[in-house]
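# Residue-level structural notes
One letter stands for each residue in the lines below.
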Amino acid sequence: MAGGKLVVPDHPVIPFIEGDGIGRDITGPSQKVLDAAVEKAYGEKRKLVWMEVLAGKKAFEQTGEYLPAPTLEAFREYLVGIKGPLETPVGGGIRSLNVALRQTLDLYVCMRPVRWFKGVPSPIRFPDRVDMHIFRENTEDIYAGIEFMAGSDKAEKLRRFMETELGVDQVRFPESSSYGVKPISREGSERLVRASIRYAIERKLPSVTLVHKGNIMKFTEGAFKNYGYDLAEREFPADTFTWRQYEKVKAEKGKAEADQLLEAAKKTHKVIIKDVITDAFLQESLLHPFDHSVIATMNLNGDYISDQLAAMVGGIGISPGANINYDSGYAIFEATHGTAPNIVGTGKANPGSLILSGVMMLEYLGWDEAAEHVYDALDHTFSKRRVTSDLHAQMEGATLLTTEEFAQEIIANMH
């Protein structure tokens, strides 16, 4: 990082975690696709230098640790890396390897773009109108892992403190309840919303939607909404127009004048900042996906939303993801699906999620020409209905390909 921007050499070292389960099946083919795209775009001038680091089951078998210190050191040194799916150890130890990586490196944005490729089955009528970019806060909310099991000493201490010191009497069965804490901070909310607005401005996207359940959780999710509006109006007054500003003008001067200001903002390509209650958003995103472009939301909401939107355009098998700290430059791109141990080694695994996560990585490096080669090749591949097992089962007249064959088909379609 220099001056707040990533400085990328022509031969960047990319630490990669193969992952558990089908990670071993999809990692090699995905790297071949990305290497081919870079070569197609830049010849011998640029090249990704892959460096394997260990995490998950493979790491435990070799080192006795699920997340060895050298792995974290590699991500800190080289900033940008990529990983396959990881199992979460059962019965103790690290709660989640994915969460541990995010929290250790403070990767506060989980970025999930959602777009449709022609030919991919979709449950909605107009999937071509889906073009959304999810910014999910990655370090707070109930994913902070502050929980106390019913019957434990800590749960009992918390219960007594809430009842005697805070006057809490809303818990229906207090003595048998487990408790969780939901931290939502101004700083955490603002840096997430700031990143989403900058992303929208840089890519000339029309809107940022703050998704929250502030009508019920007024001091956590409601605060997130207010923090988002505060930040937009304070830091981006020339580039944004908020619904809160619209409502204020409407109340003071009438709807006609508020509508005029909104239309003027759209004509001058200002980013419209709006908010939607979470349950309403889940419906709106299905019925009117074209009304939403960039989505900024908290951790749990973002988890739900990411998978629903992915299902609208083919499922998480071809859904990419990234965990990013836009301040430090740290970024880990990842397959968003699970380890699927039942199909390991069968050739049925779809490498699409990891490939597209690699495409996000190319864009993050500023190698947009290579990224476009993969997007274009995927369009051709899906249009020809030459796909892996998961999509083959949903597509009439499709040709079934193995994991490796699918990757080679993408490479062949880089025109």
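Every value quoted in this text rests on a predicted model; they were computed, and no experiment measured them.

## Considering the packing of aromatic side chains
- In total, this model carries nine aromatic pairs according to the counting rule given.
- Taken together, a centroid distance of 4.6 Å and an interplanar angle of 15 degrees make the contact between Phe 60 and Tyr 66 stacked.
- Residue Phe 60 is classed as partly exposed on the basis of its relative accessible area of 39%.
- Ring centres of Phe 117 and Phe 382 lie 5.6 Å apart, and the angle between their planes is 45 degrees; on these two criteria the pair is classed as tilted. Of this pair, Phe 117 sits in the loop between strand E4 (109-115) and strand E5 (131-137) while Phe 382 sits in helix H13 (residues 368-383), and the two are 265 residues apart along the sequence.

## Focus: empty space enclosed by the protein
- Summed over all chains, the structure comprises three cavities of 30 Å³ or more.
- Considering only enclosed or pocket space, the largest cavity measures out at about 50 Å³ in volume.
- Lining the largest cavity, in full, are Phe 16, Ile 17, Thr 27, Ser 30, Gln 31, Leu 34, Trp 50, Ile 82, Lys 83, Gly 84 and Leu 354.
- Taken together, the elements giving at least two residues each to the lining of the largest cavity come down to strand E1 (13-17), helix H1 (23-42) and strand E3 (80-83).
- Taken together, the residues of the lining of the largest cavity sort by class into six nonpolar, four polar and one charged.

## As for the pattern of salt bridges
- Under the criterion given, the structure shown has 28 salt bridges.
- For Arg 191, the salt bridge goes to Asp 106, with nearest N and O atoms at 2.8 Å. Separated by 85 residues along the polypeptide, Arg 191 in helix H6 (residues 186-202) and Asp 106 in the loop between helix H4 (97-104) and E4 bring together distant segments of the chain.
- Overall, the relative accessible area of 17% leaves Arg 191 in the buried class.
- Between Glu 156 and Arg 159 there is a salt bridge, with its nearest N and O atoms 2.5 Å apart. Of this pair, Glu 156 and Arg 159 both sit in helix H5 (residues 153-165), three residues apart, roughly one helical turn.
- Judged by relative accessible area, which is 11%, Arg 159 ranks as buried.
- Each of Arg 186, Glu 190, Arg 194, Asp 230, Glu 233, Arg 234, Glu 235 and Arg 244 takes part in one network of salt bridges that share partners.

## Some remarks on the layout of surface pockets
- Its boundaries defined by the atoms lining it, the largest pocket holds a volume of some 1100 Å³.
- Considering the residues around the largest pocket, the lining is formed by 39 residues, among which Tyr 199, Glu 202, Arg 203, Glu 363 and Tyr 364 are closest to the centre.
- Broken down by secondary-structure element, the contributors of at least two residues to the lining of the largest pocket are E4, E5, H6, strand E12 (320-324), helix H12 (352-365) and H13.
- Residues of the lining of the largest pocket, tallied by class, amount to 23 nonpolar, four polar and twelve charged.
- Within this model, the second largest pocket holds a volume of roughly 450 Å³.
- Taken together, 24 residues make up the lining of the second largest pocket; nearest its centre are Leu 205, Pro 206, Ser 207, Lys 270 and Ile 272.
- Put simply, the parts of the chain that give the lining of the second largest pocket at least two residues each are H6, helix H9 (255-267) and strand E10 (271-277).
- With three residues, the single largest contributor to the lining of the second largest pocket is E10.
- Of the residues in the lining of the second largest pocket, the class split is eleven nonpolar, five polar and eight charged.

Each value, and the rule that gives it
All residue numbers here refer to positions counted from 1 along the written sequence of the relevant chain. Thresholds applied to this predicted model are a pLDDT of at least 70 for local features of residues and 80 or more for the giving and counting of side-chain atom pairs; totals over whole chains, interfaces and linings are not thresholded and use all residues. Excluded from the side-chain calculation are hydrogens and water; included are all heavy atoms of the structure. Paired rings are identified among Phe, Tyr and Trp, the last through its six-membered ring, by centres lying within 6.5 Å, and are further divided according to the angle between planes into stacked (under 30 degrees), edge-to-face (over 60) and tilted (the rest). Exposure categories follow from relative accessible area, calculated using a 1.4 Å probe and restricted to protein chains: below 20% of the type maximum is buried, above 50% is exposed, and the middle band is partly exposed. Think of it this way: any DSSP run of H or I at least four residues long counts as a helix, any run of E at least two long counts as a strand, and we number them from the N terminus. Of the two site types, the cavity is a set of points on a 1 Å grid over the protein atoms alone where a 1.4 Å probe fits but cannot get out, and the pocket is an open set with protein on both sides within 12 Å along at least five of seven lines, each lined by residues with an atom within 4 Å of a point. Grid points are joined across faces, edges and corners, and a volume is the space filled by probe spheres set on the points. Put simply, Ala, Val, Leu, Ile, Met, Phe, Trp, Tyr, Cys and Pro go in the nonpolar bin, Asp, Glu, Lys and Arg in the charged bin, and everything else, Gly too, in the polar bin. Any Lys or Arg side-chain nitrogen located within 4 Å of an Asp or Glu carboxyl oxygen qualifies as a salt bridge.

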